[in-house]
Amino acid sequence: MLLTFALAGVAASIAAWILPARLRTAGVATLVGVACLAALTLGVRVLASGVAVSWSSTQVLPLTGVSLRLTSFGALFVVASALVALAATLYWLGYAYHGLSSRSGASALALFVATMMAVPMAASVTTFLVLWELMALSSLVLVANDHARREAARSAAQWYAVMTHLGAGAILLGFVLVAAHAPGQDFTSLAHAHLSSTTRSVAFLLFVFGFASKAGAVPLHVWLPKAHAEAPGPASALMSGAMVNLGIYGVVLTGRILLGGGPSWWWIVVSALGIVSALYGALYAATSTDLKRLLAYSTSDNMGLVLVAVGASGLFNASGQPRVGALAMASALVLLLNHAAFKSTLFLASGSIQVATGTRDLDRLGGLMRTMPVTGPVFLVGALSVAALPPFNGFVSEWMLFQSLLHAVPSPTTQVVVVVALGVATLALTGGLTVVAFVKATGIGLLGRARSNEAAQAHEVPASMRWGSGLAAGACVVLGVAPLLELRAVARATSGLGAPSLSSGAWSGLHLGPFRGELAPALVGAGLVVGVLALMLARRVRRAGTWPALRSSEPWGSGREVQTARMQYTATSFAEPLQRVFDDVVRPERDLDVDHAAESRYYIERIRLRSANVDLVERALYRPLQRGLAWWGERARVLQNGSVHRYLAYGLVALVVVLVVVA
Amino acid sequence: MNALADVSVALVQLVGLVLGGPVLVGLMRKVRARLEGREGARITQPLADLRKLLTKQRVRPDESSWVFAAAPVVLVATTLVVGVLAPLVSTHPPFAYSADFFAVVLVLLVGSVFLALGALDTGTAFGGMGSSRAMTVGALAEPALLVAILALSIPARTSNLPALVHGGLTQPSLIASPPHILALLSLLIVILAESGRLPVDNPATHLELTMIHEAMVLEYAGPDLALVSLGESMRLAVLLGLFVNLSLPWGIATGTGPGWLALGLVALAAKVALVGAGVAVFEVFSAKLRLFRLPELLAGSFLLAVLAAVTAVVIR
Amino acid sequence: MTLRSMLAALTHPRRDAEPRDALASAVTGVPALHGSLQLRHVDAGSCNGCELEIHSIFSPVYDAERFGVRVVASPRHADALLVTGPVTKNMAGPLAKTLEAMPEPRLVIGLGDCTRDCGHFRGGYGVEGSLDDVVRVDVHIAGCPPRPEAIVDALRTLTGQ
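Every value quoted in this text rests on a predicted model; they were computed, and no experiment measured them. (Residues numbered from 1 in each chain as written. Chains lettered and ligands numbered in written order. Predicted model: local features only at pLDDT ≥ 70, side-chain atom pairs only at ≥ 80, totals over all residues. Heavy atoms only, no water.)

A. A look at the nonpolar core. Ranked by size, the top nonpolar core spans 326 residues in total, and within it Phe128 and Phe175 of chain A carry the most contacts. With 20 residues, the top contributor of residues to this core is helix H13 (residues 322–357) of chain A. Residues contacting Phe175 of chain A, with those up to four places away along its chain left out, are Val125, Phe128, Leu129, Phe187, Leu190, Phe207 and Leu258 of chain A. The next biggest cluster of nonpolar side chains, apart from the first, holds 23 residues, and it includes Tyr62, Val139, Val152 and Leu155 of chain C. (Core = buried A, V, L, I, M, F, W, Y, C linked by side-chain atoms within 4.5 Å. Buried < 20%, exposed > 50% of the residue type's maximum accessible area, 1.4 Å probe, protein only. Helix = DSSP H or I, 4+ residues; strand = E, 2+ residues; numbered from the N terminus. Contact = heavy atoms within 4.5 Å.)

Here it is as structure tokens:
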């Protein structure tokens, strides 16, 4: 099965180059599909049996060989990635005609999917890093897909390239630090490394820097809104739905498995990072007017919540509450899986919207629920799931996170109590902000009247795109009503981490093992459906009259003569009260140009206002950093005077210094 | 509990809510009228209003989608689901094991979200304004709400509602404790915000620019409007019912049988009427807060909730 | 309004069944409102004398609310359109839109003499016509301005309370 997966993945990447254009999409998609199914079967088998699968060879990579080992924990991530990739590949069949059908694009997509599913299987440092780097490079190609036509895509690719390599560099350094004291470079040897606590902590911090940056944690998230927004539909779905999960995989792998748990302050740092990311991401999602940027910030927000859960889990374990720690880890993984489902739904549906209307700007959309009768409800399902509303899947994971924080409270440590209190407050505030963000996205983007010609002329997308996004939405519904499936998988995965097991409960409910907490999402869902149907029937019963029971009429606008679609609220106006409340953090850049008339200064000919939401971290942290580096680069130019002799002298001096230090 | 008991509790709670919600609104209007020196309408007037509305024509804006038509139905359906699950008349409602406080709050939120979506679907500026403000208020009220739930759940070690109410019944000292009182205060402010009462929103205003909730329902007519009014009044009744059962649980039915249910219903009606009248008196003497002062009010409520949570941990 | 009649109104808050100031037209074909009447007021060009009387019927002295009458914010919520003043040229369109926005069954109530024959404003350059010329009126309340008791009596015949 492992072999099938690897062969199919490689074949797909190569096929993209050799197949003719007519067959390219279908051929590559089939091969990628085969690879996904193989990985899925492998992952499910490992989860079901609990037995790890390994494979190693000294042949494939020079000097170090390849070593793969799939445990239950990694298998969960493989399964999630495979499912997201299946939906995205199906979607890609129809999307390809709109922009992702080139040889490099198809090949990059195939390579991306294959490496993304392979990363959790890596069992040695070099395998891991090679796969990680291949994943980053292939996704970079995908982000830069549109670079010839859009400046924003070029800029996004540059930011992504720099940040992902900074992260990879940090991860490499961390691995080097740990492996230097270990008997070998495979993960089992690393787990037995003899490290001083300072080295351990430094390594952990480096790992957190690298992996949290990949997951989109603030303040390392600046690449995420750019890259996820500029990447084509299926690529953004894969990046947000599956790639960011690997950041979390890395944090847990290094923190819990390789470095063996660690002191509480590690996990407090992780939780703090999570809290800041969640609040920041939710706030920027609520005030964003670009549909895909909104979704990208929401990814940052959800990954922040996962980091809070992971940090809480580590903290509870370190302070002697392993059962609550297991519950917290389980809620982190459930949140991760649910995020994969609803974020891929949202990105695929917004890709459809972008194809149908040609724009991502919410202020120019509207009226799409009527013109796109499949994509509209699909997006709505995704939006309700991310807002954690019953009976969809986000509700279950938020509830579990709340319960894991609640049941940790009977604990003596103040640290735990503070983290719990902050965690619950964060959960609540981000929940509220996410609701605002997605009511805005759905309401302004899909409902009401079309705010531009492009939106008015939209029509439904081809069948494969509908099916791709629809399957993802179906997953949101199924996981919301019957979370048992994912809970069993998560329980297997957490037991792989050495945590005590949690019972999951019967079909109708969710029972949290030793704690008093129960939920019946299927019941709530059934109740809502029954209620809705009953009321719809009751509403039809009407008294006699010659007038029609339902009349369509112009909307009520206080009797004004002309009502245009531009009089509706836009995304900017919807979020304005919230922006005012949080104006320290979300400060839009405003440009106001006033053209006076030639005759007199008192007559104004034209006023132009440009308002843009610039990321605060980018403006306050990265831009000064960029300017500083540029300044330093200018200063350092004196070293480059073109003389070869001087360059040789530099090389000699550097070599001597290194020899002296090493000796 | 056996099926018959479950069904009877569910029926009593549902019928009580459907009839009692509008009567509660009528009572609050009556109290307000009396304090203003008027006689005021009968307290069953909202029921007459609903009956008349059901006989009228439904109207929809010409470019709206199915979301506009679905919103009132979803609002009432969510309130009905909560009405069945919540411990209002009895501490053993049907499916009591699943009546988690967090879940109840989120189910009610589904109704608000759909109402906001329906308002945006009208294609008017009023709908957008109403939903924008309502969602902002909801977002700012949610931290206070969840931290208050945390504070109430810490002593009982669970967030299951029937368990919380039962805990209050068996240990009155829990109710009189500082964390409980602070959490209930915070909850009261949040309830006022979520159900659109003064000082957050004026339910009787005609000035669109001062509306929060009313602006979302300007387009609904006939049976849709009936459902929306019913949904809002039922939601107020449910929230106040939960509030009274958490603060003054005595009188709630702890056993099955018609006698218990009757007692529970009467007790609930009396307590909710009392609290509702109190809210109405408070409304008469308060003015609506400016929209941009609301974050301060809700932040104050959040602070109360945090204090409640902290004292809950310290007292353990 | 004399002091005596005002005192009489205060001491006998509930009126008897027959309305005193007679309605100009018989109330025919009125839908069953089940004791609940929601009004939407439109000022089509009045001098605001009638508006002051509308304010006073909701005051503690006359308190029309106890008879099941309420003023609402949107015509979609209303059963009856309460119009005051002659219909001016600028208000003819909005008035028509307001009426069109109301769900069936709907009523039009003309308050004051201006709604029947433009009153003092007959022949004005800005006046389109009286309410009778523009729309089918179900109930007329005569007076310039009508007395609050007359308005309340007319509304009571609609609500039946």
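B. Molecular detail of the packing of aromatic side chains. All names here are of chain A. What the rule picks out here adds up to 21 aromatic pairs over all chains. Each ring, one from Phe128 and one from Phe211, has its centre 5.9 Å from the other, and the planes form 80°; the classification is edge-to-face. Placement of Phe128 in helix H5 (residues 125–143) and of Phe211 in helix H8 (residues 197–215) is noted, with a sequence separation of 83 residues between them. Per residue, the accessibility class of Phe128 equals that of Phe211, and both read buried. For the ring pair Phe204 and Trp266, a centre distance of 4.2 Å and an interplane angle of 10° mean the geometry is stacked. Within this pair, whereas Phe204 is found in helix H8, its partner Trp266 is found in helix H11 (residues 264–286), the two being separated by 62 residues in sequence. On the accessibility criterion, Phe204 (0% relative accessible area) is buried. By way of ring pairs, the aromatic residues Phe128, Trp132, Phe175, Phe187, Phe207 and Phe211 are connected into one cluster. Over the face of the ring belonging to Trp132 we find Lys214, whose NZ or CZ atom lies 5.4 Å from the ring centre. (Phe/Tyr/Trp six-rings, centres within 6.5 Å; stacked < 30°, edge-to-face > 60°. Lys NZ or Arg CZ within 6 Å of the ring centre and 35° of its normal.)

C. Main features of the interface of chain B and chain A. If you look at the interface, chain B gives 75 residues, while chain A gives 72 residues. Buried surface at the junction of chain B and chain A, both sides included, amounts to about 6600 Å², of which 72% is carbon and sulfur. On inspection of chain B and its partner chain A, the count reaches three salt bridges. Measuring nitrogen to oxygen at the nearest pair gives 2.7 Å for the salt bridge that ties Asp224 of chain B to Arg539 of chain A. Our enumeration of links across chain B and chain A arrives at 16 residue pairs in polar contact (both at pLDDT 80 or more). Within the residue set of the side of chain B that touches chain A, elements represented by two or more residues are strand E1 (58–61), helix H3 (66–85), helix H4 (101–120), helix H5 (125–156), helix H9 (222–247) and helix H11 (294–315) of chain B. Classifying every residue of the side of chain B that touches chain A gives 45 nonpolar, 16 polar and 14 charged. Bridging between strand E5 (residues 550–553) of chain A and E1 of chain B involves four bridges; their strand directions are parallel. From the neighbouring strand, Arg551 of chain A faces E1 of chain B, where its bridge partner is Val59 of chain B. (Buried area = accessible area lost by both parts, 1.4 Å probe. Salt bridge = Lys/Arg side-chain N within 4 Å of Asp/Glu carboxyl O. Polar contact = N/O pair within 3.5 Å; in protein donor to acceptor, adjacent residues only side chain to side chain. Nonpolar A, V, L, I, M, F, W, Y, C, P; charged D, E, K, R; others polar. Pairing = 2+ DSSP bridges.)

D. Structural detail: unusual backbone geometry. Following Leu198 of chain B, the chain continues into Pro199 of chain B via a peptide bond in cis, with omega recorded as 0°. The amide bond that connects Cys144 of chain C to the next residue, Pro145 of chain C, takes the cis arrangement and shows omega of -10°. Structurally, the position occupied by Pro145 of chain C is in the loop between strand E7 (139–141) and helix H6 (148–159). With phi around 75°, Asn48 of chain C is a residue other than glycine that occupies positive phi space.

E. Local environment of the side chain of Arg40 of chain C. If you trace the backbone, Arg40 of chain C turns up in strand E1 (residues 37–43). Here Arg40 of chain C is buried and forms no salt bridge, its nearest opposite-charge partner Glu208 of chain B lying at an N-O distance of 5.1 Å. In terms of polar contacts, Arg40 of chain C uses its side chain to reach the backbone carbonyl oxygen of Ala73 of chain C, at 2.9 Å. The residues contacting Arg40 of chain C, other than those within four sequence positions of it, are Trp556 of chain A together with Val72, Ala73, Ser74, Pro75, Ala78, Ala80, Leu81, Leu82 and Thr98 of chain C. (Lys, Arg positive; Asp, Glu negative; His and termini not counted.)

F. Representation of the pattern of salt bridges in the model. Applying the stated rule across the entire model yields 31 salt bridges over all chains. The salt bridge partner of Asp591 of chain A is Arg610 of chain A, with a shortest N-O separation of 3.3 Å. Taken together, the residues Asp591 of chain A in strand E6 (residues 589–596) and Arg610 of chain A in strand E7 (residues 604–612) connect sequence positions 19 residues apart. Taking the relative accessible area as the measure of exposure, Arg610 of chain A reaches 45% and is therefore partly exposed. With a closest N to O distance of 3.1 Å, Glu36 of chain B and Arg38 of chain B form a salt bridge. The network of salt bridges with common partners includes Arg32, Glu36 and Arg38 of chain B together with Asp63, Glu65 and Arg66 of chain C.

G. How the structure looks around the interface of chain C and chain B. Each side of the interface is counted separately: chain C has 25 residues, and chain B has 28 residues. With both sides pooled, the region where chain C packs onto chain B buries about 2300 Å², and carbon together with sulfur makes up 48% of that total. Taken as a group, His34, Arg76 and His77 of chain C account for 29% of the area that chain C buries against chain B, more than any other trio of residues on that side. Between chain C and chain B we count six salt bridges in total. Among the ionic pairs, Lys52 of chain B bridges to Asp79 of chain C, the shortest N-O distance being 2.4 Å. Here chain C is connected to chain B by 18 residue pairs in polar contact (both at pLDDT 80 or more).

H. Examining the sheet that holds E7 of chain C more closely. Residue and element names in this part refer to chain C. Strands sit in the order E2-E1-E3-E5-E7 across an open sheet of five strands; the sheet is parallel. The sheet terminates laterally at strand E2 (69–71) and E7, the two strands that pair on one side only. Sheet twist, expressed as the average angle between the axes of neighbouring strands with direction ignored, equals 30°. Bridge count for strand E5 (residues 107–111) against E7 is three bridges, and the pairing is parallel. If you follow Leu111 over to E7, its bridge partner there is Ile141. (Axes fitted to C-alpha atoms, helices over the stretch in contact; angles between N-to-C directions.)

I. Broad picture of helix H2 (residues 49–57) of chain C. Among the nine residues in H2 of chain C, seven count as buried, and that is most of the element. At its buried positions, H2 of chain C is contacted by E1, strand E3 (80–84), E5 and H6 of chain C.

J. Up close: the confidence of the model for chain B. Residue and element names in this part refer to chain B. Model confidence for chain B is summarised by a mean pLDDT of 92, while 99% of its residues fall at 70 or above. Per-element confidence in chain B ranges from a low mean pLDDT of 87 for helix H7 (residues 172–175) to a high of 95 for H9. For this predicted complex, the interface confidence comes out at an ipTM of 0.95, alongside a pTM of 0.92. (pLDDT = per-residue confidence, 0-100.)

K. Broad picture of a nonpolar patch on the surface. Residue and element names in this part refer to chain A. On the surface, a cluster of nonpolar side chains totalling about 480 Å² of accessible area is made up of Leu592, Val594, Ile604, Ile607 and Leu609. Those elements that place two or more of their residues in the nonpolar patch are E6 and E7. The element contributing the most residues to the nonpolar patch is E7, with three residues. Its location among the elements puts Leu592 in strand E6. (Patch = residues over 30% accessible without salt bridge, like charges linked within 9 Å, V, L, I, M, F, W, Y side chains within 5 Å. Areas by Shrake-Rupley, 256 points an atom, 1.4 Å probe, with all protein chains shown as cover.)

L. Structural context of the pairing of strand E2 (residues 66–70) of chain A. Residue and element names in this part refer to chain A. The element E2 is largely enclosed, with a buried count of four among its five residues. Summarising the sheet, strand E1 (residues 53–57) and E2 pair through five bridges and their orientation is antiparallel. By the bridge assignment, Ser57 is partnered in E2 with Val66.

M. The environment of Leu592 of chain A, seen in detail. Residue and element names in this part refer to chain A. With relative accessibility at 58%, the residue Leu592 sits in the exposed group. Along the sequence, Leu592 and Leu609 sit 17 residues apart, while their C-alpha atoms lie 4.6 Å from each other. Beyond its immediate sequence surroundings of up to four residues, Leu592 is in contact with Ile607, Arg608 and Leu609.

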